[in-house]
Amino acid sequence: MVYQFGLIGYPIKHSLSPWIHKQFLTRSGLTGDYSIIEIDPNSNISESITALRKMELDGFNITVPYKQTIIDYLDDLDESALQIGAVNTVLCKNNRWIGYNTDGIGYVRSLERKYPEIMNRKTDSVLILGAGGACKGIYHGLLANGYRHITLANRTKQKAEAIANAENVITLEEAQQNITKFGIIIQTTSVGMKPHQADAVIDLYGINRDTIVSDIVYQPLMTTFLNQAKQLGAKVHLGHTMLLYQAQYAFEIWTNEQSDMTGLDQQLQMQLEG
Ligand code: ATR
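Computed from a predicted model, the values in this text were never measured in an experiment.

### A word on the packing of helix α1 (residues 17–27) against helix α10 (residues 264–272)
The angle between the axes and the distance between the axes are what describe a pair of packed helices.
(1) Moving on: Direction vectors running N to C along α1 and α10 enclose 150°, while the axes themselves pass 12 Å from each other. As judged from the angle between their axes, α1 and α10 are roughly antiparallel. The crossing of α1 and α10 is right-handed. In contact with Trp19, Ile20, Gln23, Phe24 and Arg27 of α1, α10 contributes Leu264, Gln267, Leu268 and Gln271.
(2) Moving on: Its residues assigned to classes, the contact of α1 with α10 comprises five nonpolar, three polar and one charged.

Below, the structure written as structure tokens:
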């Protein structure tokens, strides 16, 4: 069988997904291709989707700005996509399109792979900074994996209250004041991303060495936020690994193969650092 996969979104010419999935194909001993299918938001989306159907792909990924739009064109949604309300992976099987969201599970996999001891720390208090699409995926991924004490902090509190119960939502100022109470801190806002790499969403001063600090921003890989965590002796988790593991789970949905990940983290790091 020759697999045909793709990515839809805009703009996606510089996406790392083709490289990642071609690695998975090779590592799993499978034959296939993964192509970039850019859809201009000014074009007729329905027509583009009809053309996509005709390509008879085995599966495809969806990125901005179509993670919600695609739902109207699907035959079914898996639990993860239903909860998150967005789809990043479609399985095309027997002429049916089934939508999944692999962001949350992928994120948790990347975290547990880096710090396996975290699997014994599921009762730790987790702080998620931000309340955008990425936060929603990670929040549901953590819940699905047994993490129970999750607090959300966001600049706009109402956005966080649309994801979690109000009693588990705090302001960014409250997060900073209470920072020592959290064993796992996950930064999901866009703060600190190039070209604003000097910025950090809150000050981590006071965290202890056991704290795991994660940032989903991967440009730059070592954000100001993570640099501070490192200086304070905490454990850091880099954002590009989420990209790898959400892709691993998507590939698994399409092929039933769990790709070996040895060394991929470092290889992707090298690509990102040019
Ligand atoms: P994504 O879908 O990638 O998560 P998003 O939906 O645009 O992106 O969400 C961006 C997140 O970054 C939001 O939580 C946003 O806070 P608001 O909900 O208050 O807008 C947060 N964010 C962006 N810029 C920020 C800033 N300068 N300070 C604090 N939070 C910021």
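Right, picking up where we left off after that structure.
### With respect to the environment of Ile62
(1) Moving on: Its location among the elements puts Ile62 in strand β3 (residues 59–62).
(2) Moving on: A relative accessible area of 3% means that Ile62 is categorised as buried.
(3) Moving on: If we ignore the near neighbours within four places in the chain, the residues touching Ile62 are Leu7, Ile8, Lys67, Ile70, Val87, Asn88, Thr89 and Val90.

### A word on the site of the ligand
(1) Moving on: The full set of residues close to the ligand is Gly130, Ala131, Gly132, Gly133, Ala134, Asn154, Arg155, Thr156, Lys159, Thr189, Ser190 and Val191.
(2) Moving on: Within the side chain of Thr156, a nitrogen or oxygen atom sits 2.4 Å from an oxygen atom of the ligand.
(3) Moving on: Relative to its free-state accessible area of 640 Å², the ligand is covered by the protein chains to the extent of 63%.
(4) Moving on: Considering only residue class, the shell around the ligand consists of three nonpolar, seven polar and two charged.

### Here's the deal with helix α8 (residues 224–231)
(1) Moving on: Those residues of α8 that sit buried are Phe225, Leu226, Gln228 and Ala229. Along the long axis of α8, the arc covered by the buried residues comes to 160°, so they all point the same way. The exposed set on the far side of α8, more than 90 degrees from its buried face, consists of Lys230 and Gln231.
(2) Moving on: Once α8 finishes, Gly233 follows within two positions and takes phi at roughly 85°, a positive value.

### A closer look at the pattern of salt bridges
(1) Moving on: Taken as a whole and judged by the stated rule, the model has eleven salt bridges.
(2) Moving on: Ionic pairing is found between Lys22 and Asp33, a salt bridge with its closest N-O pair at 3.7 Å. Remark: Asp33 occurs in strand β2 (residues 31–38) and Lys22 occurs in helix α1; sequence separation between them is eleven residues.
(3) Moving on: As a salt-bridge pair, Asp260 and Arg27 come within 4.0 Å of each other at their nearest N and O atoms. Here Asp260, found in the loop between α9 (240–255) and α10, pairs with Arg27, found in helix α1; they are 233 residues apart in sequence, far enough to count as distant.
(4) Moving on: Through salt bridges with shared partners, one network takes in Glu117, Asp210 and Lys235.

### Some details on the sheet that holds strand β4 (residues 76–77)
(1) Moving on: Judged by pairing direction, the sheet is mixed, and its six strands sit side by side in the order β2-β1-β3-β5-β6-β4 without closing on themselves. Only two strands of the sheet have a single partner each, and these edge strands are β2 and β4.
(2) Moving on: Examined bridge by bridge, strand β1 (residues 2–9) and β3 share four bridges and lie parallel to one another. Opposite Ile8, over in β3, you have Ile62 as the bridge partner.

Criteria and thresholds
Residues numbered from 1 in each chain as written. Predicted model: local features only at pLDDT ≥ 70, side-chain atom pairs only at ≥ 80, totals over all residues. Heavy atoms only, no water. Axes fitted to C-alpha atoms, helices over the stretch in contact; angles between N-to-C directions. Helix = DSSP H or I, 4+ residues; strand = E, 2+ residues; numbered from the N terminus. Parallel < 35°, antiparallel > 145°, perpendicular 65-115°, else oblique. Left-handed = near helix turned anticlockwise from the far one by under 90°. Contact = heavy atoms within 4.5 Å. Nonpolar A, V, L, I, M, F, W, Y, C, P; charged D, E, K, R; others polar. Buried < 20%, exposed > 50% of the residue type's maximum accessible area, 1.4 Å probe, protein only. Near = heavy atom within 4 Å. Polar contact = N/O pair within 3.5 Å; in protein donor to acceptor, adjacent residues only side chain to side chain. Areas by Shrake-Rupley, 256 points an atom, 1.4 Å probe, with all protein chains shown as cover. Arc of directions from axis to C-beta. Salt bridge = Lys/Arg side-chain N within 4 Å of Asp/Glu carboxyl O. Pairing = 2+ DSSP bridges.

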